[in-house]
Amino acid sequence: MSFEVQRPAPVPTDASGDVPEGPVDRRTARALGRRTWPQRLRVPSVHGIWRQPAVVVALVIVVGWLAVAAFATLIAPADPIAQSPDVYAAPSAAHPFGTDELGRDVLSRVLHGARLSLPLAFVIVLGSLAVGGLLGLVAGYLGRVADEVIMRVTDLFFAFPQIILAMAVSAAFGPSTRNAVLALILVSWPTYTRVIRSAVLSIRGSDYLAASRMLGVGPVTALRRDVVPNSVGPAVVLATLELGNAVLMLAALSFLGLGPRPPAPEWGAMIAGGSRDLSMWWVSVFPGLAILTVVLAFNVLGDALRDRLDPRHAKGLS
Amino acid sequence: MTTTPPSGGAPARDRWRGVTHAARYISRRIAITLTLLLGVTVMTFLIVQAVPGDAASANLSETALNDPEVVAAYRAKWGLDQPLPVQYWVYLTNVLQGDLGISQQTGRSVLGDLLTYVPATLEIALPSMLLAVVIGTAVGLYAAVHHDRTGDQVVRVGTLVGLSTPSFWLSLVVLYVFFYLLGVSPSGGRLSTWIVPPERVTGMTTVDAALAGRWDVWWDAVQHLALPVLVLTTLTVAVLTRFVRSAMLEVLDADYIRAARAKGLPERTILRRHVLRAGLVPVITVSGLAFASLLSGTVLVEQIFGWPGVGQYAYRAASGLDMPAIMGVSLFVALVYTAVNLGVDLLYGVIDPRIRVS
């Protein structure tokens, strides 16, 4: 055991020995005898999250799939929609994942599938975050009638199972990529509204917001400087978890024939193609594994982020 | 934990207050549910109306569409030529009388169709739910007790994998393994083709076969049930286990558990009497939600196993733009969902006296 005396850090000086001008960090400021202001409430940080091996693996998987999506045309050994007489070829050196019922290379289709699923998942999440987040802010911050109306509408949406509503809407508007995305945004925004609203409500009841109001901070400024930044944590957690969900739901709609039109290499549609002949397992197994890895990676990341950012789950209560 | 309000030795006036509290709580919940259901009818109606898809072009043949008279007759028959509020009013009064309309695809009443298909779905949904609650509670409690040790890590990873698996893909995989590779399971449907179905009483093949005393048929039906139930259970267990685990972790952290340990109660008694009991309260809520998500999970699973349930009916209705059927299914599922939620809320009041009073 050593008893080192904690000495204040030496005041950083430049070569001439003068004290630096302008803003310095708190310790320096204190050492210089300048006035220090209490810091703003610390938003919980994601520091140290990389020490969990699962998070590193998940991040590698996500980055890997993003790279595949970006460079699919360069990596893929074949054209994803080029048909060949070589139908239902088992996995081999020429076709590592085999070929499907039209002789298309399954590996190339799986790789190109990332170009559909990942960007569309981001669009779905951003779209529902924009709609749901905004409504959640309004409901939580304005309260009263706005809150009551918005929350009753979300109740209504929660009374429908997501997949049935999405199915009905995308079937009604006609099966296409755009309509599937719109249908999924339509069914997923209420989740964001609830989460953002409860985050806003907890901030609205906090002492420091009352303090800032007493200091004369206007409602709009408070919204911008305190309420919105403090709802970012829950929003990020939810969005990460929902990315996985969006990939799953999109695949489900495509599986039902309500997603991107054939011959687009969508993972769910590929699984549907493979379901026609069970003995040709490779046609549906590989796109399924693609979905599984992407969704699992997003879920692991979302879980880890929640442990960090959501105080209720801070003790690893997932 | 009794169902009577907390009266004890209190004077009669207090007992009355408890009763009125309970009555007010229950009537408030029921009023909310009814309003929600009314909203659901508006919403199903609006979705069907707002869509650009045209029921006439979806249901009539090409030659019929070229004949304006046929199209007009079709529109008149389904009330498609009336103004919207009138259409909604007609729809609502019919629904309240139990008339959900005629399915444009099957040509039968939607209510009759639902009564045909719902038992098939319940036959796979109920056993899955039961299994999932039992397994989820046991595994979740195990993981919570072994918090952050190997067993807990395995459970955490396992449930995440379960959550991330597409149900339709899992169905195909188990079908490939148990039907194609091992040959121990039928490929789909409710009964083998050579079997004469038992007389229809409940609509659930296993129950009907048992009622008729035809145990060979019962066994065949159980074999057909096994794989869909396996898939649905797997997916629901993943959700429930995670929730039970975190609920139990929270309870294990409570002061009264520390007190129980401090006074020297054996660990088994603590788990059974205190942890499990307190932790099960939130689990009931989630089970209600999980049942709803299980119902929607059947849409995809029924598709793979050729199971003639509500899920398949919903899919066929949606892809055929069969409006009365879409509205009927949506209304039915929303009804189940709100009923389950109402049941959960009321059960909650019974189990947790604090909610009843507040």
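Residues numbered from 1 in each chain as written. Chains lettered and ligands numbered in written order. Predicted model: local features only at pLDDT ≥ 70, side-chain atom pairs only at ≥ 80, totals over all residues.

(A) Looking closely at the interface of chain B and chain A. Contacts between the two partners involve 45 residues from chain B, matched on the other side by 38 residues from chain A. Elements supplying a minimum of two residues to the side of chain B that touches chain A: α1 (12–50), α7 (150–164), α8 (167–181), α10 (215–252), α12 (267–305), α13 (310–319) and α14 (323–351) of chain B. Class assignment for the residues of the side of chain B that touches chain A results in 31 nonpolar, 10 polar and four charged. (Contact = placed C-beta atoms within 7 Å. Helix = DSSP H or I, 4+ residues; strand = E, 2+ residues; numbered from the N terminus. Nonpolar A, V, L, I, M, F, W, Y, C, P; charged D, E, K, R; others polar.)

(B) Region of the structure containing the packing of α12 of chain B against α14 of chain B. Residue and element names in this part refer to chain B. At a closest axis distance of 9 Å, the pairing of α12 and α14 adopts a crossing angle of 170 degrees. What the angle tells us is that α12 and α14 run roughly antiparallel. Mapping the contact onto sequence places Val281, Ile284, Thr285, Gly288, Phe291, Ala292 and Leu295 in α12 and Val333, Val336, Tyr337, Val340, Asn341, Val344, Leu347, Tyr348 and Ile351 in α14. Here the residues of the contact of α12 with α14 are counted per class, giving 13 nonpolar, three polar and no charged. (Axes fitted to C-alpha atoms, helices over the stretch in contact; angles between N-to-C directions. Parallel < 35°, antiparallel > 145°, perpendicular 65-115°, else oblique.)

(C) How the structure looks around the UniProt feature "domain: ABC transmembrane type-1" (unreviewed entry) in chain A. Taken from the UniProt record, the annotation "domain: ABC transmembrane type-1" (unreviewed entry) applies to residues 114–302 of chain A. A helix fraction of 84% and a strand fraction of 0% characterise residues 114–302 of chain A, whose end C-alpha atoms lie 20 Å from each other. (UniProt positions renumbered as here; feature names shortened; annotations may be inferred.)

(D) Focus on the packing of α7 of chain B against α10 of chain B. Residues and elements named next belong to chain B. Packing of α7 against α10 brings their axes to within 8 Å, and their N-to-C directions diverge by 135 degrees. Classed by the angle they form, the pair α7 and α10 counts as oblique. Both α7 and α10 take part in a crossing whose hand is left-handed. Contacts between α7 and α10 involve Val155, Thr159, Gly162 and Leu163 from the former and Thr234, Leu235, Val237, Ala238, Val239, Thr241, Arg242 and Arg245 from the latter. (Left-handed = near helix turned anticlockwise from the far one by under 90°.)

(E) Just α7 of chain B, in detail. Taking 1.5 Å of rise per residue, 15 residues should cover 21 Å, and α7 of chain B covers 21 Å from first to last C-alpha, within 8% of that figure. Burial in α7 of chain B covers these residues: Arg156, Thr159, Leu160, Leu163 and Ser164 of chain B. Taken end-on, α7 of chain B shows its buried residues confined to a sector of 135 degrees, consistent with a single buried face. Buried residues in α7 of chain B make contact with α8 (219–255) and α10 (282–309) of chain A together with α10 of chain B. (Expected span 1.5 Å × (residues − 1). Buried ≥ 20, exposed ≤ 12 C-beta atoms within 10 Å, placed from the backbone. Arc of directions from axis to C-beta.)

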